[in-house]
Amino acid sequence: MNVAYEDEFKADLVENLPHLRAFAHLIARNHALAEDLVQDTIVRALANRHQFRPGTNLKGWLIIILRNRFFNEMRRSSRKSEVSMEHQGDLAAVDGGQEISVEIRDFNAAFRKLPPTQREALVLVGASGFSYEEAAEIAHCPVGTMKSRVSRARAELEAQLHGVEMPEKWAGLALKLDENRPRRAGE
């Protein structure tokens, strides 16, 4: 590899650091784990830069590395990540805007309750601006699954922010779906 490509690759990595950090914090919900994920992602990207095809989506490639590291870590540790409250004070608050501050706090609490795959879907499609197709490619799932994850996450957030318990609603929907499904002989 030539020196110009190496320099450009490293500059592009640095340019993507803020996005990687934000994504890691949103899916990991733990500051130390998020920073470790970003560091591991950069180390792996540098070590495997020969696998990256110039002209393709570097941010997407980095997100895939980070996402895979996160899920591997969750599987290996076989524990749930803890809710990190250490960055609540980092949220920008508007002077005299107590209502906005409460809404942000409520949103963050509801967002943290979402399963990791739904948080990831919302971050990719909503916050990062990836299309459903791009997000599905990053998450290694069908486009329909990505759309479903985003839809369920939005519905869950809406329910939590407006005080509606979703499990009962989903349970009711599941019962209706079960009632309408075709039965096999002997059921």
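Structure shown above.
The structure contained in this document is the topic of the report that follows.

**Things to note about helix H1 (residues 3-28)**
Helix length check: H1, at 26 residues, gives a terminal C-alpha distance of 35 Å against a target of 38 Å (1.5 Å per residue), a fit within 8%. The largest bend in H1 comes to about 40°, at leucine 17, with the proline proline 18 one to four residues further on. Of all the residues in H1, the buried ones are Tyr5, Glu6, Phe9, Leu13, Asn16, His19, Leu20, Phe23, Ala24, Ile27 and Ala28. Check the buried side of H1 and you find it contacts helix H2 (31-47), helix H3 (58-77) and helix H5 (116-127). Arginine 29 lies just past H1 and shows a positive phi near 60°.

**A look at the packing of aromatic side chains**
Taken as a whole and assessed by the stated rule, the structure comprises 5 aromatic pairs. Here phenylalanine 9 and tryptophan 61 contribute two aromatic rings whose centre-to-centre distance is 6.3 Å and whose plane-to-plane angle is 65°, an arrangement assigned as edge-to-face. Placement of phenylalanine 9 in helix H1 and of tryptophan 61 in helix H3 is noted, with a sequence separation of 52 residues between them. Like phenylalanine 9, the residue tryptophan 61 is buried in the burial classification. Among the aromatic residues, those joined into a cluster by ring pairs are Phe9, Phe52 and Trp61. Its end group placed over the ring of phenylalanine 130, lysine 59 keeps NZ or CZ at 5.2 Å from the ring centre.

**What about the environment of alanine 109?**
With respect to the element layout, alanine 109 can be found in helix H4 (residues 98-113). Expressed as a C-alpha distance, the spacing of alanine 109 and glutamine 160, which sit 51 residues apart in the sequence, is 9.2 Å.

**A look at the nonpolar core**
Trp61, Leu66, Phe70, Leu124 and Met146 are the most contacted members of the largest nonpolar core, which has 43 residues in total. Put simply, the parts of the chain that give this core at least two residues each are H1, H2, H3, H4, H5, helix H6 (132-139) and helix H7 (143-161). At 10 residues, H3 tops the list of elements feeding residues into this core. Discounting chain neighbours no more than four positions away, the residues touching leucine 124 are Phe23, Ile63, Gly129, Phe130, Ala135, Ile138 and Met146.

Cut-off values and rules
- The written sequence of each chain sets the order in which its residues are numbered from 1.
- Only residues with pLDDT of at least 70 are given local features in this predicted model, and only at 80 or more are side-chain atom pairs given and counted; all residues enter the totals for whole chains, interfaces and linings.
- As a convention, hydrogens and water are excluded, and side-chain values are obtained from all of the structure's heavy atoms.
- Strands are runs of DSSP state E lasting at least 2 residues, helices are runs of H or I lasting at least 4, and numbering of each runs from the N terminus.
- Between the first and last residue of a helix there are one fewer steps than residues, each counted as 1.5 Å, and that sum is the expected span.
- Consider a residue and the seven residues that end there alongside the seven that start there; fitting an axis to each set, the bend is the angle between those axes.
- Only protein chains enter the calculation, and the probe is 1.4 Å; a residue is then buried if its accessible area is under 20% of its type maximum, exposed if over 50%, and partly exposed in between.
- Whether two residues are in contact is decided by their heavy atoms, any of which lying within 4.5 Å being enough.
- For Phe, Tyr and Trp, where Trp contributes only its six-membered ring, two rings pair if their centres lie within 6.5 Å, and the inter-plane angle classes them as stacked under 30 degrees, edge-to-face over 60, or tilted in between.
- Consider the ring centre and the ring normal. A charge sits over the ring if Lys NZ or Arg CZ is within 6 Å of that centre and within 35 degrees of that normal.
- The set of buried Ala, Val, Leu, Ile, Met, Phe, Trp, Tyr and Cys residues whose side-chain atoms join them within 4.5 Å is what this entry labels a nonpolar core.

Worth remembering: the numbers are spatial, not functional.
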